[in-house]
Each structure stands twice: as C-alpha cells, then as structure tokens.
Amino acid sequence: MAKVVKFNEISGVDSLHIVEEDVRDPGAGEVRVAVKTAGLNRAEYLYLHGQYFMPPQLPSLIGVEGAGVIEKVGPGVEGISVGDEVCITPNMQPDAHGVIGELAVVPANAIVPKPANVSWEEAASIWMSYLTAYGGLVEFGGLREGAGQTVVISAASSSVGRPAIQIAKAHGATVIATSRSSAKRDGIMDAGPDHLIATGEEDFVARVQEITGGKGFDIAFDPVSGDFLTTLSEAAGLEATIVEYGALAMAETPFPLFPAIGKGLKVCGFHLVWNLLDFPDRTARATSHISEHLAKGVYNPVVDRVFPLEDVQGAYRYMEQGEQLGKIVVKVAD
C-alpha cells in the first residue's frame with residue numbers, strides 16, 4: 001500500500017485527498033518510481049478546476065513532475081535500472097498518470113537521470129520549467145545564440161520565468177523581464193535580466209521603446225495573454241515573434257490584427273507536450289542543452305517553498321496566491 005493524492009470531483013483544491021492503495025506494476029514501456037519530491041505546476045491547478053485542455057477522468061491522480069528512485073521496471077524498458085536516481089519529466093498524459101504520492105507509474109520516456117549536483121527538491125523543479133522555456137524560446141520563438149536579440153519574459157517571477165531568463169541570457173540576448181509590481185524586483189533581478197518593467201506601475205510600451213532605442217523587442221515569451229497580448233504587439237519590433245504559453249489573465253484574448261499586419265508579427269501558441277515532447281528530435285535537443293548547462297552550473301533551478309505531502313492542499317493554495325518566486329515543491333520522502 002502507498003499513499004497517493006487523488007481527487008474525485010471537479011471542485012478545485014478542496015477536492016484533493018490522500019488515499020492508501022496498491023499501486024500497479026509498470027506495464028510495457030513503463031517504470032515505477034519511489035517518489036521523493038514532486039513539483040507543482042499551473043496546469044495542474046487548471047486541471048483541478050476542469051479548465052485544462054482535457055477533462056480529468058475521475059477519480060484522478062495528479063502531478064506530472066517529480067524526482068525519486070526507480071523501484072521497478074516494466075517489460076521492454078532499456079537503459080533504466082532499479083535503484084537509479086531520476087527526474088520525472090512531464091512527458092505523460094495527466095489523466096493516465098500522477099506523481100504526487102509515494103509510488104508513481106510513469107512512461108519510461110518521461111525519465112531522465114537526476115543531475116548529481118542538485119538536491120531532490122531542485123530535481124523536481126527542472127524539467128517542466130526549463131523544457132517549456134527552451135521549447136518556447138528556441139524551437140518556436142527563434143532564439144539564436146549570438147544573434148543579439150531582445151527578449152521579453154512576462155511574469156518573470158513564475159517557475160518558468162527564471163529558466164526563461166537564464167536560457168535567453170545563455171544565448172546572448174538582452175532580456176526585459178516583467179512583473180505586475182516592483183515588489184519582487186530583487187528576486188527577479190537575481191536571475192540576471194538586463195531590465196525589469198513593473199507593468200502595473202510603468203508604461204510597458206514606452207519603456208520597451210526606450211530600452212530598444214525605438215526598435216521594439218524581437219521575441220516575447222508570455223503566459224499572461226488576455227489584453228496583454230495587445231500591449232505586447234504595440235511594443236513589438238518589425239517581424240517579432242510572440243509566443244503564448246499560458247492564460248494567467250483567464251480572459252478573452254483579442255488578436256491584435258492591425259499590429260500583426262503592420263509589423264509582420266508572428267503570434268503562436270506553445271504547449272510543452274504537443275509541441276516539444278511529442279517530437280523526439282526537439283526533445284533530444286532541449287534535454288541535451290539543459291543537461292549540459294545544469295552540469296556546468298549555468299542553469300540553477302530555484303525552489304520557493306517546500307510543503308509536506310500531508311499539506312498538498314496548502315501547496316496548491318499557495319500557488320493560487322501567485323506570490324511564489326520559483327518552484328513550489330511537495331516533499332514525499334527523505
């Protein structure tokens with residue numbers, strides 16, 4: 001018997017509960033992991049509220065990112081052995097798997113080795129964030145090493161914001177980070193952006209024009225959407241790319257037709273699984289790049305706060321407040 005987190009109805013955080021049950025053996029192409037830590041993601045919060053792309057199949061497990069030790073290997077799995085210390089990447093369907101619990105059965109292709117130079121808490125804080133940032137910026141946004149591009153990272157205090165800043169800087173870009181207020185300025189600037197614009201206190205478009213000498217930005221990586229897409233289009237440079245990967249505004253998002261036509265803008269969406277992890281070549285490039293820079297200490301995952309498994313509801317309520325600076329982690333075992 002193992003403790004796992006499940007929910008039986010679409011009613012938000014209050015529906016989460018811990019149950020003890022037998023966790024099945026891994027099937028073909030799967031492994032079972034003794035989970036030590038799990039990283040929380042905004043997509044799970046939407047999933048709990050029935051607002052994600054796919055509805056939960058109730059009763060549902062939850063969680064798509066974590067770290068632990070391989071406990072059992074299913075048929076046909078090669079290169080992974082019992083006892084391996086690993087990270088669980090979000091390369092899975094949320095309605096078929098869940099990692100917040102003592103044992104988790106996940107696809108073998110969701111497993112990558114745990115970097116030796118990171119803690120268990122940090123190990124659960126890497127792959128959703130860094131893969132999303134790399135895929136959105138490099139594969140979709142057109143970020144190129146040494147190209148001298150100007151990149152806007154919206155909601156820079158989020159768990160994806162910091163990795164996005166690090167990845168853009170590693171490619172030699174000038175980075176403009178945004179936040180609703182200047183309250184998190186020190187924490188955001190610690191990640192290394194060149195500029196920070198507090199969108200609730202400053203004129204975003206005017207500041208971008210000032211920073212870029214009137215040229216506008218080349219790439220924007222944005223999880224806000226809503227009316228902020230219009231604002232981004234006004235600050236964009238000629239033939240800029242705006243990558244939308246979230247819906248924090250939870251509002252209708254009008255398409256900025258005239259700026260798009262007038263500037264030749266590319267506005268696209270990005271989803272980690274469907275636009276990166278479902279493509280082995282893209283996944284290989286991203287994983288190789290991130291692993292290399294983690295090993296060198298260039299990329300440093302940041303954990304905002306750690307909650308015990310017993311307070312998983314508290315962890316998601318903390319996420320609901322939107323005050324974190326980095327990743328929220330649930331600790332399952334020592």
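For the structure itself, look to the data block above.
Not measured: the values here are computed from a predicted model.

Draft legend 1. Focus on the sheet that holds strand S12 (residues 217-222). Strand order in this open sheet of 6 strands is S11-S10-S9-S12-S13-S14, and the pairing throughout is parallel. Unpaired on one side and paired on the other, strand S11 (195-198) and strand S14 (266-269) mark the two borders of the sheet. Going from strand to strand, the sheet's axes swing by 15 degrees on average, the running direction of each strand aside. On the sheet, helix H7 (residues 228-235) packs against strand S9 (150-153), S12, strand S13 (236-244) and S14 and is oriented at approximately 150 degrees with respect to S13.

Draft legend 2. Quick peek at the sheet that holds strand S1 (residues 2-7). Reading across from one edge, S2-S1-S4 is the order of the 3 strands in this open sheet, with antiparallel pairing throughout. Only two strands of the sheet have a single neighbouring strand rather than two, namely strand S2 (16-21) and strand S4 (60-61). Both S1 and S4 contribute to a ladder of 2 bridges, which runs antiparallel. Residue pairing for S4: lysine 6 is matched across the bridge by leucine 61.

Draft legend 3. View of unusual backbone geometry. Note that the residue after leucine 58, namely proline 59, is joined by a cis bond; omega there is -5 degrees. Of note, proline 59 is situated in the loop between helix H1 (42-48) and S4. Not every positive phi belongs to a glycine, and serine 225 is a case in point at roughly 60 degrees. Inspection of the secondary structure assignment puts serine 225 in the loop between S12 and H7. A positive phi angle, near 55 degrees, is found at glutamate 239, a position not held by glycine. Assignment of secondary structure puts glutamate 239 in strand S13. You can call glutamate 239 exposed: its relative accessible area is 61%.

Draft legend 4. Broad picture of the pattern of salt bridges. Enumeration according to the criterion identifies 15 salt bridges in this entry. Residue arginine 32 pairs with aspartate 25 through a salt bridge whose shortest N-O separation is 3.2 Å. The partner of lysine 296 in a salt bridge is glutamate 292, with the nearest N and O atoms 3.0 Å apart. Since its relative accessible area comes to 38%, glutamate 292 is described here as partly exposed. Through salt bridges with shared partners, a single network forms among Asp25, Arg32, Glu71 and Lys72.

Draft legend 5. Examining the layout of surface pockets more closely. As a volume, the second largest pocket reaches approximately 260 Å³. Forming the boundary of the second largest pocket are 20 residues, of which Glu21, Val23, Arg24, Leu61 and Ala96 lie nearest the centre. Where the lining of the second largest pocket is concerned, the elements lending two or more residues are S1, S4 and strand S7 (103-107). Looking at the lining of the second largest pocket element by element, the count peaks at 3 residues for S7.

Draft legend 6. Region of the structure containing a nonpolar patch on the surface. A surface patch of nonpolar side chains, amounting to about 480 Å² of accessible area, comprises Phe255, Leu257, Phe258 and Ile261. On the secondary structure map, phenylalanine 255 appears in the loop between S13 and helix H8 (257-263).

Calculation notes
Residues numbered from 1 in each chain as written. Predicted model: local features only at pLDDT ≥ 70, side-chain atom pairs only at ≥ 80, totals over all residues. Heavy atoms only, no water. Pairing = 2+ DSSP bridges. Helix = DSSP H or I, 4+ residues; strand = E, 2+ residues; numbered from the N terminus. Axes fitted to C-alpha atoms, helices over the stretch in contact; angles between N-to-C directions. Contact = heavy atoms within 4.5 Å. Buried < 20%, exposed > 50% of the residue type's maximum accessible area, 1.4 Å probe, protein only. Salt bridge = Lys/Arg side-chain N within 4 Å of Asp/Glu carboxyl O. 1 Å grid on protein atoms, 1.4 Å probe; cavity = no way out; pocket = protein on both sides within 12 Å on 5 of 7 lines; lining within 4 Å. Points joined across faces, edges and corners; volume = space filled by probe spheres on them. Patch = residues over 30% accessible without salt bridge, like charges linked within 9 Å, V, L, I, M, F, W, Y side chains within 5 Å. Areas by Shrake-Rupley, 256 points an atom, 1.4 Å probe, with all protein chains shown as cover.

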